[in-house]
Structure formats: C-alpha cells, structure tokens
Amino acid sequence: MAKLTKKAKTLATAVDREKLYGIDEAIALARTHATSKFDETIEVALNLGVDPRHADQMVRGVVTLPKGTGKTVRVGVFAKGAKADEAREAGADVVGAEDLMETIQGGKIEFDRCIATPDMMGVVGRLGKVLGPKGLMPNPKLGTVTMNVAEAVKAAKGGQVEYRVEKAGIIHSGIGKASFPAEDLRANFDALVDAVVKAKPTGAKGKYVRKVAISSSMGPGIKVDTAEVATA
C-alpha cells in the first residue's frame, strides 16, 4: 500500500468526513485546502435520486454561472456565410463547415464547446462518434444548435456550463476558481443547484437531491447538509 504524502495526510485529517457542513462553511474549507501551485477549480458533486438509464430520469441542461467559471472556453462553430462571420465577430475560436469536419476527423479538436446552425447538422451528424463521447455534440435543447450563433458563442464564453447526470446518478460541475471571493462561489453554487432542481425529471421518485459535496481539484470532499441546499 502506497504511503500517503505529508500533504495528503494533512488533507485527510483536515475535514471531518462524517460531518455535514453548511454551504458557506464548505466553500470556505474547500478554498482553504486548495494549496496547489495552480489555481484549483472548486467543484460540486450532486448525488441525485435518478437512474439516467431511463429516458424519463435524465438530467441535463445548461446554466450560466453569474460570476463566470474562471476558465478560458474555446468555442467551435459549424456555420457558413454570414453566420460564420457572425460567429467570428462574437469571438468563436474555430469556425468552419466541411473543412472543420475534416479537421476533426483527422483527430484535431481545438474547442471545448461546439455550436452549429441547423443547416449544418447534416455535416455535424457525421461526427457523432467523435463528438458524442466527448459531450461536444451540438444539441437544440442546450441552445447549441441555433441560428443565433453570436448569442450562443457569447454565452459559452461568458460563464455558461453544461451539466449532465452520469451513470451513477451524479452531476459534477466546477463553480469557479479557488481565487474567487467566497460570495462569488456561493452565487455560482446557488445558480447551479437551482438549475438542477428545476430540471428534476418526471420519472424521479423519492428524495431528489440526496447528497452534496464540495471540493477543490486536489482537496478533500466536504459533505454539505442537503437540508440547507433545498432552501438555497
């Protein structure tokens, strides 16, 4: 069994694993334990009472974090003509059509979010096996298949994040950087939880938000009192 480093030992004993913390206290602890040389992301894990294998229990959507993500998001857009120009003017990093499809087929993906105009979905559809597993496939429900490409690009650049429940019924999402003021992280936390609660699927039975934890990229998980989350 590998020996724990001094830092790992300190982190392991810094948080009471059994205690349920208030939201603000959990955020403060997560920031305190973000001691890496880089600016760690503050992450939230929401354990939901859903089984995403059933279509009527899928939880997926987008939310704009009011205080931003602290990340530089690269945006790729499938568009032609005036819409391609509109995307570039809005700040898209990569814009193209068949040429962009060929670049991606060649193994080069230079974006974190993908947007497409509806007329380009025939081209984008051919990339399903590449973009799908990476969660990059444009989707009308998420506002990433749209004629309003400028607005979609600005939203993706300005703090919009996509959330999606994983097989185990957990949503993981960053809510900003450890360097953010605590009140900004709280505002982003509230926005994320509010969006997930509003997205409760019809098929969900029993308690919906079962467990919540906050952590930094390299720090320990801090359990949050769900009673406080329900009123957040």
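Residues numbered from 1 in each chain as written. Predicted model: local features only at pLDDT ≥ 70, side-chain atom pairs only at ≥ 80, totals over all residues. Heavy atoms only, no water.

Short version of the rule: UniProt positions are given in the numbering used here, feature names are shortened, and annotations may be inferred rather than shown by experiment.
In the annotation of an unreviewed UniProt entry, the chain is listed under the name Large ribosomal subunit protein uL1 and assigned to Sphingomonas baiyangensis. As stated in UniProt under Subunit (unreviewed entry), the record for the chain gives "Part of the 50S ribosomal subunit." In UniProt, the chain has this text filed under Sequence similarities (unreviewed entry): "Belongs to the universal ribosomal protein uL1 family."

**Observations concerning the overall build of the chain**
We apply this condition: A run of DSSP states H or I qualifies as a helix once it reaches four residues; a run of E qualifies as a strand once it reaches two. Both are numbered from the N-terminal end. Only protein chains enter the calculation, and the probe is 1.4 Å; a residue is then buried if its accessible area is under 20% of its type maximum, exposed if over 50%, and partly exposed in between. Whether two residues touch is decided by their heavy atoms; if any such pair falls within 4.5 Å, the residues are in contact. The method behind every accessible area is Shrake-Rupley, applied with a 1.4 Å probe, and residues are considered shielded solely by the protein chains displayed. The positive count covers Lys and Arg only, the negative count covers Asp and Glu only, and His and the chain ends enter neither. Throughout, a charge is located at the NZ atom of Lys, the CZ atom of Arg, the CG atom of Asp or the CD atom of Glu.
Assigned secondary structure in the chain consists of nine helices and nine strands. For the chain, the spread of C-alpha atoms along the three principal axes comes to 55 × 45 × 40 Å. By the burial criterion, 46% of the 232 residues in the chain qualify as buried. Pairs at least 24 residues apart make up 74% of the contacts formed inside the chain by residues separated by at least 6 positions. Accessible surface for the chain amounts to roughly 12,200 Å². Of this, 52% is attributable to carbon and sulfur atoms. Considering the chain, the positive charge centre built from 35 side chains and the negative charge centre built from 28 side chains are found 6 Å apart.

**Let's talk about the domain arrangement of the chain**
Test applied: Bear in mind that the domain bounds are from an automatic or database domain assignment. Take the accessible area each of two parts loses on contact, using a 1.4 Å probe, and add the two losses: that sum is the buried area. Basic side-chain nitrogens of Lys or Arg form a salt bridge, by our definition, when they fall within 4 Å of a carboxyl oxygen of Asp or Glu. Distance and chemistry together define a polar contact, namely a pair of N or O atoms within 3.5 Å, with one atom able to donate a hydrogen and the other to accept it when in protein, and with adjacent residues in sequence counting only for side-chain atoms on both sides. The nonpolar class holds Ala, Val, Leu, Ile, Met, Phe, Trp, Tyr, Cys and Pro. Asp, Glu, Lys and Arg form the charged class, and all remaining residues, Gly among them, are polar.
Domains assigned within the chain are domain 1 (17–69 + 159–229) and domain 2 (75–157). Using only C-alpha atoms to locate each centre, domain 1 and domain 2 end up separated by 27 Å. In this complex, domain 1 contributes seven residues to the contact, which on the side of domain 2 involves seven residues. The contact between domain 1 and domain 2 buries some 640 Å² in all, and 38% of this surface belongs to carbon and sulfur atoms. Among the residues of domain 1 in contact with domain 2, Arg60, Gln160 and Glu162 are the three that bury the most area, contributing 67% of the side total. At the junction of domain 1 with domain 2, the criterion picks out zero salt bridges. At the junction of domain 1 and domain 2, the tally comes to two residue pairs in polar contact (both at pLDDT 80 or more). Along the lines of polarity and charge, the residues of the side of domain 1 that touches domain 2 split into two nonpolar, three polar and two charged.

**Some thoughts on the packing of helix α2 (residues 23–32) against helix α8 (residues 182–198)**
The axes of two packed helices give the description: the angle between them and the distance between them. Stated formally: Interaxial angle, 0 to 180 degrees, is taken between N-to-C directions of lines fitted to C-alpha atoms, where a helix line uses only the stretch in contact. For classification purposes, an angle smaller than 35 degrees is called roughly parallel, one larger than 145 roughly antiparallel, one from 65 to 115 roughly perpendicular, and anything else oblique. Note on convention: the crossing is left-handed when the near helix lies turned anticlockwise from the far helix by less than a right angle, right-handed when the turn is clockwise.
Between α2 and α8, the shortest axis-to-axis distance is 10 Å and the interhelical angle comes to 120°. In terms of orientation, α2 lies oblique with respect to α8. By crossing handedness, the relation of α2 to α8 is classed as right-handed. Residues Ile23, Asp24, Ile27 and Arg31 of α2 form the contact with α8, whose own contacting residues are Ala182, Leu185, Arg186 and Phe189.

**Some details on the nonpolar core**
Note the following rule: Nonpolar cores were defined as sets of buried Ala, Val, Leu, Ile, Met, Phe, Trp, Tyr and Cys residues, with membership established by side-chain atoms within 4.5 Å.
Counting 38 residues, the largest nonpolar core has Leu48, Val59, Phe189, Val196 and Ile214 as its most contacted members. For this core, the secondary structure elements donating two or more residues are α2, β1 (41–48), β6 (160–164), β7 (170–177), α8, β8 (209–216) and β9 (222–224). The dominant element in this core, judged by the number of residues it contributes, is α8, at seven residues. Residue contacts for Leu48: discarding those within four places in its chain leaves Val59, Gly169, Ile171, Val196, Tyr208, Val209 and Arg210.

**Re the pattern of salt bridges**
In the structure shown here, the tally under the stated rule is twelve salt bridges. In this structure, the salt-bridge partner of Arg74 is Asp112, at a minimum N-O distance of 3.2 Å. In this pair, Arg74 sits in the loop between β2 (60–64) and β3 (75–78) while Asp112 sits in the loop between α4 (98–105) and β5 (113–116), placing the two residues 38 residues apart along the sequence. Under the relative-accessibility criterion, Arg74 is labelled partly exposed at 34%. For Asp93, the salt bridge identified is with Lys157, shortest N-O distance 2.7 Å. Within this pair, whereas Asp93 is found in the loop between α3 (81–89) and β4 (94–96), its partner Lys157 is found in helix α7 (residues 149–157), the two being separated by 64 residues in sequence.

**Observations regarding the packing of α3 against α7**
Running from N to C, α3 and α7 cross one another at 25°; their axes reach a closest spacing of 8 Å. If you check the angle between α3 and α7, you find them roughly parallel. The two elements α3 and α7 cross, and the hand of that crossing is right-handed. Between α3 and α7, the residues in contact are Lys83, Glu86 and Ala87 and Val149, Ala150 and Val153, respectively. Tallied by class, the residues present in the contact of α3 with α7 amount to four nonpolar, no polar and two charged.

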